[in-house]
Amino acid sequence: MCCQSSGQWKFPAQQPRKSSAPRRRHPGFRPRNQLLILIAVLLALLQGRTVDAGAGDSLSGVRQSCSNEGEEVQLKNQPQIFTCFKCECQNGFVNCRDTCPPVNDCYILDKSNGTCCRRCKGCSFRGMSYESGSEWSDPEDPCKTYKCVATVVTETIQKCYSQCDNNQLQPPRPGECCPTCQGCKINGQTVAEGHEVDASIDDRCLVCQCRGTQLTCSKKTCPVLPCPMSKQIKRPDECCPRCPQNHSFLPVPGKCLFNKSVYPEKTQFMPDRCTNCTCLNGTSVCQRPTCPILECAPEFQEPDGCCPRCAVAEVRSECSLDGIVYQNNETWDMGPCRSCRCNGGTIRCAQMRCPAVKCRANEELKQPPGECCKRCVETAGTCTVFGDPHFRTFDGKFFSFQGSCKYLLASDCMGKTFHIRLTNEGRGTRRASWAKTVTLSLRNLKVNLGQRMRVKVNGTRVTLPYFVVAGGQNVTIERLADGGAVMLRSEMGLTLEWNGAGFLQVSVPAKFKKRLCGLCGNFNGSSRDDLTGKDGRSHGDDEVWHFANSWKVGGPKSCSRKREFLAATPTCDKRKSNFYCHPLSVPALFGECNERLNPENYKAACRMDVCECPSGDCHCDSFAAYAHECRRLGVQLPDWRSATNCPAGWRRNATLSSFKGNQFYGDPSFSRMKGRRQKNHQLRLQLQQEQQQRSKQGQKGRHKPGGHNQLDRQGHNGLDKDQLQKEFILKHVPSSFLYPRAPDRTPPPLH
């Protein structure tokens, strides 16, 4: 093997078999010429090819579903490549991310490291091995520093810099080169612990770092890079250039690969007039000086050999910027990321450096007000209620519960700052129910969100928008711009979105973690214990009814059904649910979101809802809930409501004809079977009515003289042939043959 291209190994062609017959040489062919040709071919191979980062290590296949939202998924008995990935359950999918260190700026890759991760080739120096990117100091001279970058070690003498007052200047720490300033401030601006700042935007190589409440500033030369100058890039806000392309080369033991050349052991070479290098044990060891720190502006600098110097300039005692005059050593801020100082008539500005951050699944990158750098903050917890009620807890647990009473949905069980109650309504069905009203109690405020987006505050109906102060906190209630829902926002960060027809979404900030209770769970980051009842007992997925009823509030009058059918799951024809729920599987409608959010839970909810639906469009609730969550994740969907004939709001008169001719729905053949079943059912009812009438006539005939014989005669002579056939069928043919029953299929439980 010689090189790698786009993640695929290339193998040399098979050599032809040697012949035993002597081979005549060309008169001009010499062994030396053969060696030169071999070296030329080797050098051509050593130039390598650009590798598409990650192309060879990417994963493909069907995404696996999961139920324990936010938890790490262990991959067992998998190929070695999976050891470089960390997987967790996110939005119903097993999402895996690469945990290998980045190799974006590595010119020489090392594929012989024995792991699944691609690594940048390191360095060997004085009998020690160093990874690419590592820095260290000479034990005898801490000002002499070394840095390894892809088989090249750069040696230099760092320069120290300080602009703190003399009484704040501290001597160098043991084993360090430069003195420190007490307190991490530069130009009056505070530097966060562990963060770095460019001490001058005119010299990005002058860097200060806060460590242990002390600020250390120094300047180091840029490391020598192994790639050609034509392949290097330098960004305006950075000190040093980079090698953006990755290459894999055939290792040459005892030799150094630098730019486009191969140097034997102990060979000396100069990449530029200021750098001296020596090939030692396969590593290019280079010496390069660090240029001095200049106090003058770039316009007053002039070349002087390898480094610039300050030309003779007038030293002034003040600076001027945008018409404002600043005195010498005066400092000022230019925003949260930049601060400036007047230094002898020259303005020197420092720029904060923002570290690269990678947020976890339950975090998002945000810019805090007044801060320079973005940081990861925990996302708000969101609980969703929709359809025949289906619940998605704050920690991502899905379950369904069709109780028709009043329940505690969510409450601050620790601080008692708020609680939310949900009232369900059966709508005249035996088993189904829908969210009817939502009541928020917030200190001395009580807000009722009712059907058709009617809003009451402390028992009085109000018009929107509405603003009120409760317990010193501002609360606003308004309709969203599209008019499809009411949004309640409180100053504590609690929000409620209600569409007036059964859809509810509650959001709470991260400060309420591990403080909540109710049907929406405890918001502790794990979905495994979300089915914890009021008594503290944890319930399994088959005990949802017991869990939910433990959070029942109010008396019997709060229930719309006198009797509940415990744990009863509605059943219906699978073809019917396939017809109504098919749009969730249409890529043109929801395909843009299928890679971000697993639709299986919403499909299962849809199949359950269409079984017992009084409005005729219950499937639209699952579409709306899925689309709402997609929008929250930042996915833009087409106008699915118009495409599926599911307008916002609740329609009581939707019928099969409203969706039958729509191209996005499934096979409507189940409706023909439904018509035949209805006709058979009507026939059976008619036969039962005729039997009851004859039974009454027979009872009357027994009280009349000769009535029994008369009835017998009528039974044989008075009934025509069709009536006798119907009566025979009614008595002797099982009822299951008269009309086919719906198959006993139960939708899978929500995870």
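Just so you know, these numbers come straight off a predicted model, no measurement behind them.

A.B. asks: Which residues make up the overall build of the chain, and what values do they have?
C.D. replies: Scanning the chain from N- to C-terminus turns up twelve helices and 51 strands. Taking all 751 residues of the chain together, 42% fall into the buried category. Taking the intrachain contacts of the chain between residues at least 6 apart in sequence as the baseline, contacts between residues at least 24 apart amount to 53%. Accessible surface, the chain: about 42,200 Å² in total, of which carbon and sulfur atoms supply 49%.

A.B. asks: Describe the packing of aromatic side chains, with residues and values.
C.D. replies: Each aromatic ring pair is summarised here by two numbers: the centre-to-centre distance and the angle between the ring planes. Scanning all chains against the criterion turns up 24 aromatic pairs. Seen from their ring centres, Phe391 and Phe399 are 4.9 Å apart, and the 5° between their planes marks the pair as stacked. The exposure classification of Phe391 matches that of Phe399, with both residues buried. Measuring from ring centre to ring centre gives 5.3 Å for Phe659 and Tyr665, while their planes differ by 50°; the resulting arrangement is tilted. Side by side, Phe659 and Tyr665 carry an identical accessibility label, which is buried. The structure contains a cluster of three or more aromatic residues connected by ring pairs, namely Phe386, Phe398, Phe590, Tyr602, Phe623, Tyr626 and Trp640.

A.B. asks: Account for the pairing of strand β20 (residues 214–219), naming residues and giving values.
C.D. replies: Burial within β20 is extensive, with six of its six residues counted as buried. Burial of β20 is two-sided: the residues Gln214, Thr216 and Ser218 facing one way and the residues Leu215, Cys217 and Lys219 facing the other way are all buried. Taken together, the three bridges between strand β13 (residues 159–161) and β20 define a ladder with antiparallel strand orientation. Pairing of Cys160 across the sheet is with Ser218, part of β20. Between strand β19 (residues 203–211) and β20, which follow one another and run antiparallel, lie two residues, and Gly212 among them has a positive phi close to 65°.

A.B. asks: Explain empty space enclosed by the protein to me, using residue names and the numbers behind them.
C.D. replies: One pass over the full model with this rule turns up four cavities of 30 Å³ or more. Its boundaries defined by the atoms lining it, the second largest cavity holds a volume of some 90 Å³. Looking at the second largest cavity, it is lined by 13 residues, and the ones nearest its centre are Glu69, Asn91, Gly92, Phe398 and Asn601. When grouped by side-chain class, the residues that make up the lining of the second largest cavity number four nonpolar, seven polar and two charged.

A.B. asks: Quick one: what's the story with the packing of helix α5 (residues 600–609) against helix α6 (residues 619–632), residue by residue and with numbers?
C.D. replies: The geometry of α5 relative to α6 is characterised by a closest axis approach of 8 Å and an angle of 160° between their N-to-C directions. Between α5 and α6, the crossing angle belongs to the class labelled roughly antiparallel. Here the hand of the crossing between α5 and α6 comes out right-handed. Between α5 and α6, the residues in contact are Tyr602, Ala605, Cys606 and Asp609 and His619, Ser622, Phe623, Ala625, Tyr626 and Glu629, respectively. For the contact of α5 with α6, a count of residues per class yields six nonpolar, two polar and two charged.

A.B. asks: Please give an account of the nonpolar core that cites residues and values.
C.D. replies: Ranked by internal contacts, the top residues of the largest apolar core, which has 52 residues, are Phe394, Leu409, Phe418, Ile420, Leu494 and Leu496. The residues contacting Ile420, other than those within four sequence positions of it, are Tyr407, Leu408, Leu409, Ala410, Val438, Thr439, Leu440, Leu494, Leu496 and Val506. Membership of the second largest hydrophobic core comes to 35 residues, among which are Phe503, Cys606, Ala625 and Phe659.

A.B. asks: An account of unusual backbone geometry is needed here, citing residue identities and associated values.
C.D. replies: The peptide bond linking Leu464 to Pro465 adopts the cis configuration, its omega dihedral lying at 0°. Mapped onto the secondary structure, Pro465 falls in the loop between β44 (460–461) and β45 (466–470). The backbone phi angle of Thr151 is positive, close to 75°, even though this residue is not glycine. Relative to the assigned elements, Thr151 resides in the loop between β11 (144–149) and β12 (152–157). Look at Thr151 and you get buried, because its relative accessible area is 7%.

A.B. asks: Give me the confidence of the model for the chain: which residues, what numbers.
C.D. replies: For the chain, the average pLDDT comes to 80, and 77% of its residues sit at 70 or higher. Between residues 1–58, whose pLDDT stays under 50, and residues either more than four places distant or in other chains, the model counts 58 contacts. pLDDT under 50 marks residues 736–751. Its contacts with residues more than four places away, or in other chains, come to 35 contacts.

A.B. asks: Can you explain the environment of Cys310? Please cite residues and give values.
C.D. replies: Take Cys310: it is sitting in strand β28 (residues 307–310). A relative accessible area of 33% places Cys310 in the partly exposed class. With 13 residues separating them in the primary sequence, Cys310 and Ala297 have C-alpha atoms 8.3 Å apart. The residues touching Cys310, leaving out its near neighbours within four places in the chain, are Leu294, Glu295, Cys296 and Phe300.

A.B. asks: For α6, give the residues involved together with the corresponding values.
C.D. replies: Counted at 1.5 Å a residue, the expected span for α6 with its 14 residues is 20 Å, and the 21 Å between its end C-alpha atoms agrees. Regarding α6, the residues found buried are His619, Cys620, Ser622, Phe623, Ala624, Ala625, Tyr626, Ala627, His628, Glu629 and Cys630. Positive phi shows up at Gly634, right after α6, with a value of about 90°.

A.B. asks: Outline the pairing of β12, supporting the account with residue identities and numerical values.
C.D. replies: Counting buried positions along β12 yields five of six residues, so the element is predominantly enclosed. Bridge count for β11 against β12 is six bridges, and the pairing is antiparallel. Bridge pairing in β12 places Lys144 opposite Ile157. Pairing of β12 with strand β26 (residues 283–287), which is carried by four bridges, proceeds in the parallel orientation. By the bridge assignment for β26, Thr154 is matched with Cys286.

Procedures and definitions
Residues numbered from 1 in each chain as written. Predicted model: local features only at pLDDT ≥ 70, side-chain atom pairs only at ≥ 80, totals over all residues. Heavy atoms only, no water. Helix = DSSP H or I, 4+ residues; strand = E, 2+ residues; numbered from the N terminus. Buried < 20%, exposed > 50% of the residue type's maximum accessible area, 1.4 Å probe, protein only. Contact = heavy atoms within 4.5 Å. Areas by Shrake-Rupley, 256 points an atom, 1.4 Å probe, with all protein chains shown as cover. Phe/Tyr/Trp six-rings, centres within 6.5 Å; stacked < 30°, edge-to-face > 60°. Pairing = 2+ DSSP bridges. 1 Å grid on protein atoms, 1.4 Å probe; cavity = no way out; pocket = protein on both sides within 12 Å on 5 of 7 lines; lining within 4 Å. Points joined across faces, edges and corners; volume = space filled by probe spheres on them. Nonpolar A, V, L, I, M, F, W, Y, C, P; charged D, E, K, R; others polar. Axes fitted to C-alpha atoms, helices over the stretch in contact; angles between N-to-C directions. Parallel < 35°, antiparallel > 145°, perpendicular 65-115°, else oblique. Left-handed = near helix turned anticlockwise from the far one by under 90°. Core = buried A, V, L, I, M, F, W, Y, C linked by side-chain atoms within 4.5 Å. pLDDT = per-residue confidence, 0-100. Expected span 1.5 Å × (residues − 1).

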